[in-house]
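# Descriptive analysis of the structure
Chain by chain, the residues:
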Amino acid sequence: MWRLRRAAVACEVCQSLVKHSSGIKGSLPLQKLHLVSRSIYHSHHPTLKLQRPQLRTSFQQFSSLTNLPLRKLKFSPIKYGYQPRRNFWPARLATRLLKLRYLILGSAVGGGYTAKKTFDQWKDMIPDLSEYKWIVPDIVWEIDEYIDFEKIRKALPNSEDLVKLAPDFDKIVESLSLLKDFFTSGHKLVSEVIGASDLLLLLGSPEETAFRATDRGSESDKHFRKVSDKEKIDQLQEELLHTQLKYQRILERLEKENKELRKLVLQKDDKGIHHRKLKKSLIDMYSEVLDVLSDYDASYNTQDHLPRVVVVGDQSAGKTSVLEMIAQARIFPRGSGEMMTRSPVKVTLSEGPHHVALFKDSSREFDLTKEEDLAALRHEIELRMRKNVKEGCTVSPETISLNVKGPGLQRMVLVDLPGVINTVTSGMAPDTKETIFSISKAYMQNPNAIILCIQDGSVDAERSIVTDLVSQMDPHGRRTIFVLTKVDLAEKNVASPSRIQQIIEGKLFPMKALGYFAVVTGKGNSSESIEAIREYEEEFFQNSKLLKTSMLKAHQVTTRNLSLAVSDCFWKMVRESVEQQADSFKATRFNLETEWKNNYPRLRELDRNELFEKAKNEILDEVISLSQVTPKHWEEILQQSLWERVSTHVIENIYLPAAQTMNSGTFNTTVDIKLKQWTDKQLPNKAVEVAWETLQEEFSRFMTEPKGKEHDDIFDKLKEAVKEESIKRHKWNDFAEDSLRVIQHNALEDRSISDKQQWDAAIYFMEEALQARLKDTENAIENMVGPDWKKRWLYWKNRTQEQCVHNETKNELEKMLKCNEEHPAYLASDEITTVRKNLESRGVEVDPSLIKDTWHQVYRRHFLKTALNHCNLCRRGFYYYQRHFVDSELECNDVVLFWRIQRMLAITANTLRQQLTNTEVRRLEKNVKEVLEDFAEDGEKKIKLLTGKRVQLAEDLKKVREIQEKLDAFIEALHQEK
């Protein structure tokens, strides 16, 4: 009887276990259960209440593990109890045990469903590669044309061979029948039922496997293993952390393999296996729009509101290191505590087969996998920064544009700004702090800019300056991402780890943010590689208490998660704002076109570059016109200019001293000596100077000469600058003086006048020269003695006291000349004393130097008048010249001198004209072309020389049209990608 009663109890326990483990609600009334069974079955019974700790995990939208949702884990309730004695217990026991086949079948179905669900989850985790379909060569899609799949199908085993590989289901049924016989035996029934309960727990749902409690029954059913709630929670967190890290490593491995495969495909495409032209990537198109916008002057209230990631932070907070981790290369100059970022650097990240970097205005590619190229890139960035910084300044607002391409890079545009400082140190400009603040505000005030706020975790948060600045620009935190760097140092140095949690959660600052991240950017060694830093970062967070104690969540750590989050936020902002910006530029274009039509209806819309090309063609035409100047014109202006330059020297230093001699032999000897000295030292140099000045004057005349109605005064400043720079660069041929000296010396040695015409020409030339000198001398005397009586009476002019003294001295000297008309050119000392005493007797006090100055002009006028009278007498002296003035009192050696000078001038002018037309004009034309090419490459020069409202309006029209076209193309490509 006792055995039958225990069997009935075991049967009821088995029935209860089957019902609860298979998820079928029992219909047995609670009043009919045993006391112990009732207390377990009822969830509110005071004798037993199992605690089930709730696992709470939340993943934000930036998590890289959001595709791996964790299942809520449940404890399997274990119930104990027995039923009162029933009749027909053998039949009921057999019925309950036969239900085991349904249990096994249900478990198989549930396991299949769970496997399908897990497969779907893993399938969803695989990235969508449809957008990269263009990378795969067309040959892949046409592979069926090259591979015979029918042969492959025939080579595969048939269905009969596959059936042989299937399991033997008869043996499985036989095993199940043995298991059934085993349970129907009555030997040790209670222990077998308890073992069956363990089996049912093992076959439970996947949600129960992580937290099941193993119950090993004994004779007394009250003994079971108890695990505290705290240990279960610790075990859960440890298992969760390991699972996340495991899947993260799997995901990174898959991405790495995908990166290698894409790299191979792109490399094959570059080698010519696939000759299709690659489309420009979205990020490259967007970067071009930003480059054009950076040069656009928003004079019509059109502001640049296109998104970009603005990286701001205190100096030495780790901004550059974070950027380098995102770009996966050490590309920026580094310095210990020194300000290295002196101007904004726009970095465009895009995907490509090779890890390279290049500047916007350069075609050189820097291979970021080679240390030599990395060092050269850092040096080039530093040079460009120093070039942008003007003298007397520390930082510059001019942007350096850099493109970085590589496999696996997240597509985005980042702008690295100079670090915010609190104090201006020695060596900095006084306005450095204010300049950095103004640059940062200019980028952050863009309502669509994403602010990447970098905070140094190793220093006190109260010392941060940038958080207040970011709070002013984005008070609601709708576009700010907060990044805490150097978390490894913070964990070591901060006494309370909860302080780091407060910083990450934004509770320690008034600043709000869209997301909070913690990263490690290395051990402080500038020679560390990016791969080494990444491994150190993973190792740190894997062992960090911040993750184990749930102060930080897995999606909030590592620069990889940060780059994913920033990229997602960037493209979300781009899609939301780019069309609005395109509409704004369409309105601006309409306004500019309307203004142009109203102000310049008959002119083409030529921008600065087009105007420069038009001016360049005009200048080259004018230079070419120099070669069309006639030889006669060149010789006339050269001869006239040369005589104007040397006439003073000829009259004062050659003719006048020689004319003071008493006979013709001394006159000719003096003339020959002085002409030889003049030719050896001064004359060739003077001639080259005259030729060069003549070329400049002619070139300037052609450049500035109005062209009538076609003349455009907008080119005047440019033409003047080109003329000055070309003349400055031009140098006359060094050998010209030597050849010219020989020619001039030979010309001056010739004294043979061949005909009367040349004689008359020499007399005419001499008369003109002497009359010009006489006129200049009379003007000098008039300025010295003041107006004569006629001008005093007619124009009411008076003489000054000094002029009166000069006039009295002049009158006294003229009296002396009338007494001796052949007086020499210089006064003797006794003559000066006589003149002074005569003037003193009339009450005029004079100085001997005043007497000498007055005598020079008086005697000069007397000499020139005498020479002109002698020149008139020599008009009929050609006959005597032919007879060498034999048996004649007339001597005309001065006429021969002026003939020699005139002939030398003509020969020199002819020689210089040949040098001009054959050599110098061409060299000047070459210089002009070089200057124009230099100006064409100098944008600042063109902006300075081509100015005005018309130029600026055309320039704005061109820029707005270019921006609109690029924006429309980008929007179209963006829609196609969607």
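A few points on the structure. (Residues numbered from 1 in each chain as written. Predicted model: local features only at pLDDT ≥ 70, side-chain atom pairs only at ≥ 80, totals over all residues. Heavy atoms only, no water.)

## A short note on a positive patch on the surface
Spelled out, the test is: Note that patches include only residues with greater than 30% relative accessible area and no salt bridge, and the join distances are 9 Å for like charges and 5 Å for nonpolar side chains (Val, Leu, Ile, Met, Phe, Trp, Tyr). Residue exposure ignores everything except the shown protein chains as possible cover, and the areas themselves are Shrake-Rupley values with a 1.4 Å probe. Any carboxyl oxygen of Asp or Glu within 4 Å of a side-chain nitrogen of Lys or Arg constitutes a salt bridge here. Positive charge is attributed to Lys and Arg, negative charge to Asp and Glu, and no charge count is given to His or to the chain ends. Each charge is placed at NZ for Lys, CZ for Arg, CG for Asp and CD for Glu. Where helices and strands are cited, they refer to DSSP runs of H or I of at least four residues and of E of at least two residues respectively, numbered from the N terminus. Per-residue accessibility, obtained with a 1.4 Å probe over protein chains only, is compared with the maximum for each type, and a residue is labelled buried under 20%, exposed over 50%, and partly exposed between these values.
On the surface, a cluster of positive charge is contributed by Lys717, Lys728, Lys941 and Lys944. Take lysine 728: it is sitting in helix α25 (residues 716-729). In this structure lysine 728 comes out as exposed when scored by relative accessible area, which is 67%.

## With respect to the packing of aromatic side chains
Heads up, the rule is: Between the rings of Phe, Tyr and Trp (Trp by its six-membered ring), a pair exists once the centres lie within 6.5 Å; its type follows the angle of the planes, with under 30 degrees stacked, over 60 edge-to-face, and the other angles tilted. Placement of a charge over a ring requires the Lys NZ or Arg CZ to be within 6 Å of the ring centre, with the centre-to-atom vector within 35 degrees of the ring normal.
Per the stated rule, a full pass over the model turns up 14 aromatic pairs. On the numbers, 5.7 Å between centres and 80° between planes, the contact of tyrosine 286 with phenylalanine 570 is edge-to-face. Taken together, the residues span a long stretch of sequence, with tyrosine 286 in helix α11 (residues 282-295) and phenylalanine 570 in helix α20 (residues 559-599) at a distance of 284 residues. Neither tyrosine 286 nor phenylalanine 570 differs from the other in exposure class; each is buried. Where phenylalanine 570 meets tryptophan 571, the ring centres are 5.3 Å apart and the plane angle is 75°; that geometry is what we call edge-to-face. The same class applies to phenylalanine 570 and to tryptophan 571, which are both buried. An aromatic cluster of three or more residues is present, and its members are Trp643, Tyr655, Phe765, Phe863 and Phe898. A cation sits over an aromatic face here: lysine 942 above phenylalanine 612, 5.6 Å from the ring centre.

## Observations concerning the environment of valine 650
Relative to the helices and strands, valine 650 resides in helix α22 (residues 631-659). Assessed through its relative accessible area of 1%, valine 650 is described here as buried. It is 8.5 Å that separates the C-alpha atoms of valine 650 and isoleucine 901, two residues lying 251 residues apart in sequence.

## Structural notes on the state of the cysteines
Quick reminder of the rule: Two cysteine sulfur atoms make up a disulfide if the distance between them is within 2.5 Å.
Evaluated as defined, the whole model comprises 1 disulfide. A sulfur-sulfur distance of 2.1 Å marks the disulfide that ties cysteine 874 to cysteine 892. Between cysteine 874 and cysteine 892 the sulfur-sulfur dihedral comes to about -100°; the bridge is accordingly left-handed. On the criterion of sequence distance, the pair formed by cysteine 874 in the loop between α31 (848-873) and α32 (878-882) and cysteine 892 in the loop between α32 and α33 (893-937) is long-range, its members being 18 residues apart. According to the relative accessible area criterion, cysteine 874 is buried, its value standing at 0%. When its relative accessible area of 0% is taken as the criterion, cysteine 892 is described as buried.

## Things to note about the sheet that holds strand β9 (residues 515-518)
Working definition: the strands of a sheet are paired by backbone hydrogen bonds and lie parallel or antiparallel to each other. Threshold: Paired strands, in this sense, are two strands between which DSSP finds at least two bridges. Contact definition: two residues touch when any of their heavy atoms are within 4.5 Å. Lines fitted to the C-alpha atoms define the axes, with helices restricted to the stretch that makes contact. Angles between their N-to-C directions range from 0 to 180 degrees.
Reading across the sheet, the 9 strands line up as β4-β3-β5-β2-β6-β1-β7-β8-β9 and stay open at both edges, with mixed pairing between neighbours. Of all strands in the sheet, those with a lone pairing partner are β4 (366-367) and β9, marking the two edges. Contacting β2 (345-351), β3 (356-359), β4 and β5 (400-406), helix α13 (residues 371-388) runs over the sheet at an angle of about 160° to β5.

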